[in-house]
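# An overview of the molecular structure
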Amino acid sequence: MAGKPARTVNAIDQTRRMLSLVTYLRERPGARIEDVARAFGITEDELVSDLDVLPMCGTSFRGGDLLDIDTDGERIWWHNPAALGAETAEPLRLAADEATALLVAARAVATLPGLRESDRQALLRATAKVEAAAGEAAGASSRLSVTFESEGGVFADVDRAISERRRLWIRYYSPARDEVTEREIDPIRLVSVGHTYVEAWCRRSEARRTFRLDRVAEIKILDEPSQPPEIELRDLSAGLVQPAAEDPEVVVEVGPGGRWVAEYYPHDSAEELPDGGLRITLRTPDPASLRRLALRLGRDGRIVEPRELAESARQAAREALAAYDGVEAAG
């Protein structure tokens, strides 16, 4: 499908777009994909991604209430537009536990640092309406509270920086090097692949980098505008780590207790060994990062090639053992 240069988009912008998309499609049965994408200023791939989500939306989770929207690759068809019609709509009724969960979550989100004031006020107004509608069922929610861990604040700051197109300063822990670095980044988008990450243009390395939010030790929104270069957004459906063909090759041999490596690391091949283990060939742009894998495997695995990396891993293991022996001797 035709594409456009990558744009800065966040979850709130996408939600607003999808709400508008519902109204747009209802008024234009059989609309062409390219026309709709052009009307919303997005790529056809982004539009198809939105269309994959819409069938999970509706007035309830009963089959007939979900949106029946699909595409034949050229046009978009909505088979049950009456599902959102006034004649079929029913008053929203919340059970006591549903009202409590909704109110507790809404109040918690309203306290997030970095949330735009307009969004905070809109959320508080909606919360007040739910409280009034829930009546006595809302009483239990006033006795409960939720506090987000630090990642929630980081998420809010990143989301705000993306919305306001501002640069971020972060202190970031890199487990591969076991160090904390300071850097300025121009955030591009938030992604969730197991954990939540921000994809950004790193001004320290002058390259695209992906940062895991729970490894951000400190974050500040800067006054300087965010100006990432126009780059094509990667398809992350195959996972966050997608080695390139030109990346260095590493061979790891694992015993039966280390077979999990083949499940968690993208690899070129995994050959069975006589002892029930595997000989795994993989690629990585930073082979040194696999030293931590070797330490984690212990007796269950070792790096075979390249030789320099294998020796480096053995040296790291010797140093770790020496440090452990030193602690025992001191005790």
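Residues numbered from 1 in each chain as written. Predicted model: local features only at pLDDT ≥ 70, side-chain atom pairs only at ≥ 80, totals over all residues. Heavy atoms only, no water.

## Considering the overall build of the protein chain
Quick reminder of the rule: Segments assigned H or I by DSSP are reported as helices when at least four residues long, segments assigned E as strands when at least two residues long, and all are numbered from the N terminus. Three exposure classes are used, based on accessible area relative to the maximum for each residue type with a 1.4 Å probe and protein chains only: buried under 20%, partly exposed in between, and exposed over 50%. Only the protein chains shown count as covering a residue, and every accessible area follows the Shrake-Rupley method with a 1.4 Å probe.
Counting its regular elements, the protein chain contains nine helices and eleven strands. Looking at the 331 residues of the protein chain, the share that counts as buried comes to 35%. Surface exposure of the protein chain reaches about 19800 Å², of which carbon and sulfur atoms provide 51%.

## Focus on the sheet that holds strand β10 (residues 278-283)
Cut-off, in case you're wondering: If DSSP finds at least two bridges between two strands, the strands pair. For helices, the fitted line uses only the C-alpha atoms of the stretch in contact; every axis is such a line through C-alpha atoms, and the angle between N-to-C directions lies from 0 to 180 degrees.
Ordered by their spatial adjacency, four strands build an open sheet running β9-β10-β8-β11, and the pairing between neighbours is antiparallel. Bordering the open sheet on either side are β9 (269-272) and β11 (301-305), each of which pairs with just one other strand. Taken over all neighbouring pairs, the strand axes of this sheet differ in orientation by 20 degrees on average, direction set aside. Alignment of strand β8 (residues 249-254) against β11, held across four bridges, turns out to be antiparallel.

## Quick notes on the packing of helix α4 (residues 96-110) against helix α5 (residues 117-134)
Short version of the rule: Throughout this description, any angle smaller than 35 degrees is read as roughly parallel, any larger than 145 degrees as roughly antiparallel, any in the 65 to 115 degree range as roughly perpendicular, and the remainder as oblique. The crossing is said to be left-handed when, going from far helix to near helix, the turn is anticlockwise and less than a right angle, and right-handed when the turn is clockwise. When checking whether two residues touch, look at their non-hydrogen atoms; a contact exists if any pair is within 4.5 Å. Under the grouping applied here, Gly and all other residues not named as nonpolar or charged are polar, the nonpolar ones being Ala, Val, Leu, Ile, Met, Phe, Trp, Tyr, Cys and Pro and the charged ones Asp, Glu, Lys and Arg.
Where α4 contacts α5, the axes come no closer than 10 Å and their chain directions differ by 160 degrees. In terms of orientation, α4 lies roughly antiparallel with respect to α5. Judged by the sense of rotation from one axis to the other, the crossing of α4 with α5 is left-handed. Of α5, the residues touching α4 (which contributes Ala-99, Leu-102, Leu-103, Ala-106, Arg-107, Val-109 and Ala-110) are Arg-120, Leu-123, Leu-124, Thr-127, Val-130, Glu-131 and Ala-134. Here the residues of the contact of α4 with α5 sort into ten nonpolar, one polar and three charged.

## Here we look at the environment of Leu-124
With respect to the helices and strands, the residue Leu-124 is situated in helix α5. The class of Leu-124 is partly exposed, set by a relative accessible area of 39%. Considering only alpha carbons, one finds Leu-124 and Ala-106, 18 residues apart in sequence, at a separation of 7.8 Å.

## Focus on the pattern of salt bridges
Basically, it comes down to this: Should a side-chain nitrogen of Lys or Arg be within 4 Å of a carboxyl oxygen of Asp or Glu, the pair is scored as a salt bridge.
This model, assessed by the stated rule, comprises 24 salt bridges. Across the salt bridge formed by Arg-208 and Glu-199, the nearest N and O atoms sit 3.5 Å from each other. The exposure class of Arg-208 is partly exposed, given its relative accessible area of 26%. In this structure, Glu-253 and Arg-279 form a salt bridge, with 2.6 Å as the shortest nitrogen-oxygen distance.

## Re the side chain of Glu-253
Cut-off, in case you're wondering: Two N or O atoms count as a polar contact when they lie within 3.5 Å, although within protein this holds only if one can serve as hydrogen donor and the other as acceptor, and sequence-adjacent residues are included solely when both atoms are side-chain atoms.
Structurally, the position occupied by Glu-253 is in strand β8. With relative accessibility at 18%, the residue Glu-253 sits in the buried group. A polar contact is formed between the side chain of Glu-253 and the side chain of Arg-279, at a distance of 2.6 Å. In this structure Glu-253 touches Leu-273, Leu-278, Arg-279, Asp-300, Gly-301, Arg-302 and Val-304, once residues within four positions along its chain are discounted.

## Description of the packing of helix α2 (residues 33-40) against helix α3 (residues 44-53)
For the pair α2 and α3, interaxial distance at closest approach is 9 Å and the crossing angle is 100 degrees. Relative to α3, α2 is oriented roughly perpendicular. Where α2 abuts α3, its residues Ile-33, Glu-34, Val-36 and Ala-37 lie against Glu-44, Leu-47 and Val-48. Taken together, the residues that form the contact of α2 with α3 break down as five nonpolar, no polar and two charged.

## Details of the side chain of Arg-212
Turning to its location among the elements, Arg-212 is positioned in strand β6 (residues 207-212). A residue is classified by how much of its surface remains accessible, and Arg-212, at 15% relative accessible area, is buried. One polar contact links Arg-212 to Asp-214, side chain to side chain, over a distance of 2.8 Å. Sequence-distant contacts of Arg-212, defined by excluding residues within four places in its chain, comprise Tyr-172, His-195, Thr-196 and Tyr-197.

## Quick notes on unusual backbone geometry
A cis amide bond links Glu-305 with the next residue in sequence, Pro-306, at an omega value of -5 degrees. As for its placement among the helices and strands, Pro-306 is situated in the loop between β11 and α9 (307-330). The backbone of Arg-165 sits at a positive phi, close to 55 degrees, despite the residue not being glycine. By the element assignment, Arg-165 lies in the loop between α6 (150-164) and β3 (166-174). A relative accessible area of 51% places Arg-165 in the exposed class. For Glu-206, which is not glycine, the phi torsion reads 55 degrees and is therefore positive. Within the secondary structure, Glu-206 is located in the loop between β5 (195-202) and β6. Residue classification places Glu-206 among the partly exposed positions, given a relative accessible area of 45%.

So yeah, pure geometry; function would need other evidence.
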